[in-house]
Amino acid sequence: EGEFFDHPRPMKRLAEKRRILARRFSKTRKGGNNREIARIKLARLDEKIVNIRTDFGWKLCNLLIKKYDTIYVEDLTIKKMQRNHYLARAIADVSWNGFLQKLSYKAESAGGKIVKVNPEYTSQKCSKCGKMAEKTFATRIYRCPYCGLEINRDVNAARNILTKGKIGQELSESMLVGD
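Calculation criteria
Residues numbered from 1 in each chain as written. Predicted model: local features only at pLDDT ≥ 70, side-chain atom pairs only at ≥ 80, totals over all residues. Heavy atoms only, no water. Phe/Tyr/Trp six-rings, centres within 6.5 Å; stacked < 30°, edge-to-face > 60°. Helix = DSSP H or I, 4+ residues; strand = E, 2+ residues; numbered from the N terminus. Buried < 20%, exposed > 50% of the residue type's maximum accessible area, 1.4 Å probe, protein only. Lys NZ or Arg CZ within 6 Å of the ring centre and 35° of its normal. Contact = heavy atoms within 4.5 Å. Core = buried A, V, L, I, M, F, W, Y, C linked by side-chain atoms within 4.5 Å. Axes fitted to C-alpha atoms, helices over the stretch in contact; angles between N-to-C directions. Parallel < 35°, antiparallel > 145°, perpendicular 65-115°, else oblique. Nonpolar A, V, L, I, M, F, W, Y, C, P; charged D, E, K, R; others polar. Salt bridge = Lys/Arg side-chain N within 4 Å of Asp/Glu carboxyl O.

A separate point is the packing of aromatic side chains. In the structure shown here, the tally under the stated rule is one aromatic pair. Between Trp 58 and Tyr 105, the ring centres sit 6.0 Å apart and the planes meet at 80 degrees, which makes this aromatic pair edge-to-face. Here Trp 58, found in helix H2 (residues 33-67), pairs with Tyr 105, found in helix H5 (residues 96-110); they are 47 residues apart in sequence, far enough to count as distant. You can call Trp 58 partly exposed: its relative accessible area is 31%. Over the aromatic face of Phe 25 sits the side chain of Arg 35, whose NZ or CZ is 4.4 Å from the ring centroid. Looking at Lys 135, its charged tip hangs above the ring of Tyr 142, at a distance of 5.0 Å from the centre.

This is the structure in structure tokens:
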């Protein structure tokens, strides 16, 4: 539907404060009272970051589960994606894997379901005409040279995921009926 949700990205927002506290902690003497105080301050900040991330994840899961019975997601190998040092921090900050686990749990408890879709070419394929047009990660607007579709890259990918998921679901249901 083209709806976007801005993640608070707590690690990015609090990175400078965390860096200062970590430096203070590293400069203290082992076994000293100041070290314990610095350790507690750093631990509290880390806990705050985790709490912000977790809170946002649960709230978004609740919103999505109330709105949709079936949710289609890309079956990404997040661990491999985090090997890319350009993406690793951003992926960890928004906690993709944790979010997918929360979403699966909420869907199961609410009677909905999560359908994982093969991510192959979801952002390269035009959601209107179905033809391929190579794009880089930097390209934010998807422009189809064949049909002239001009749309946000993420919305185009979401439409392709939805289409792939529905087709895959229909195929699997027809296979069950045919047996």
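On the secondary structure map, Gln 124 appears in the loop between strand S2 (113-117) and strand S3 (141-143). Ignoring any residue separated from it by four or fewer positions in sequence, one finds Gln 124 in contact with Lys 131, Met 132, Ala 133, Glu 134, Lys 135 and Tyr 142.

A word on the nonpolar core. Grouped together as the largest cluster of nonpolar side chains are 10 residues: Phe 56, Leu 60, Cys 61, Leu 64, Ile 65, Ile 71, Val 73, Phe 99, Leu 103 and Ala 107. Going through the elements one at a time, H2, strand S1 (70-74) and H5 are the ones with two or more residues in this core. The contact partners of Ile 65, leaving out residues within four places of it in the chain, are Ile 71, Leu 103, Lys 106, Ala 107 and Ala 110. By size, the runner-up hydrophobic cluster in this structure holds seven residues, among which are Cys 126, Tyr 142, Cys 144 and Leu 149.

Next up on the list: the packing of helix H1 (residues 10-26) against H2. Geometry of a packed helix pair, given as the angle between the helix axes and the separation of the axes. Orientation of H1 relative to H2, taken along the N-to-C sense of each, is 170 degrees, at an axis distance of 9 Å. In this view, H1 runs roughly antiparallel relative to H2, as classed from their interaxial angle. Within the contact between the two elements, H1 uses Pro 10, Met 11, Arg 13, Leu 14, Lys 17, Arg 18, Leu 21, Ala 22 and Phe 25 and H2 uses Arg 35, Ala 38, Arg 39, Lys 41, Leu 42, Leu 45, Asp 46, Lys 48, Ile 49, Ile 52 and Arg 53. Looking at the contact of H1 with H2 residue by residue, the class counts come to 11 nonpolar, no polar and nine charged.

Here we come to the pattern of salt bridges. Scanning the model with the defined rule gives nine salt bridges in all. For Arg 39, the salt bridge identified is with Glu 36, shortest N-O distance 2.5 Å. Placement of both Arg 39 and Glu 36 in helix H2 is noted, with a separation of three residues, approximately one turn of the helix. Take Arg 39: its relative accessible area is 39%, and that puts it in the partly exposed class. Residue Arg 140 pairs with Asp 154 through a salt bridge whose shortest N-O separation is 2.7 Å. Here Arg 140, found in the loop between S2 and S3, pairs with Asp 154, found in helix H6 (residues 153-178); they are 14 residues apart in sequence, far enough to count as distant. A relative accessible area of 39% places Arg 140 in the partly exposed class. We classify Asp 154 as partly exposed; its relative accessible area is 32%. Salt bridges here are not isolated pairs; linked through shared partners, they connect Arg 140, Arg 153 and Asp 154.

These figures come from the coordinates and say nothing about function on their own.
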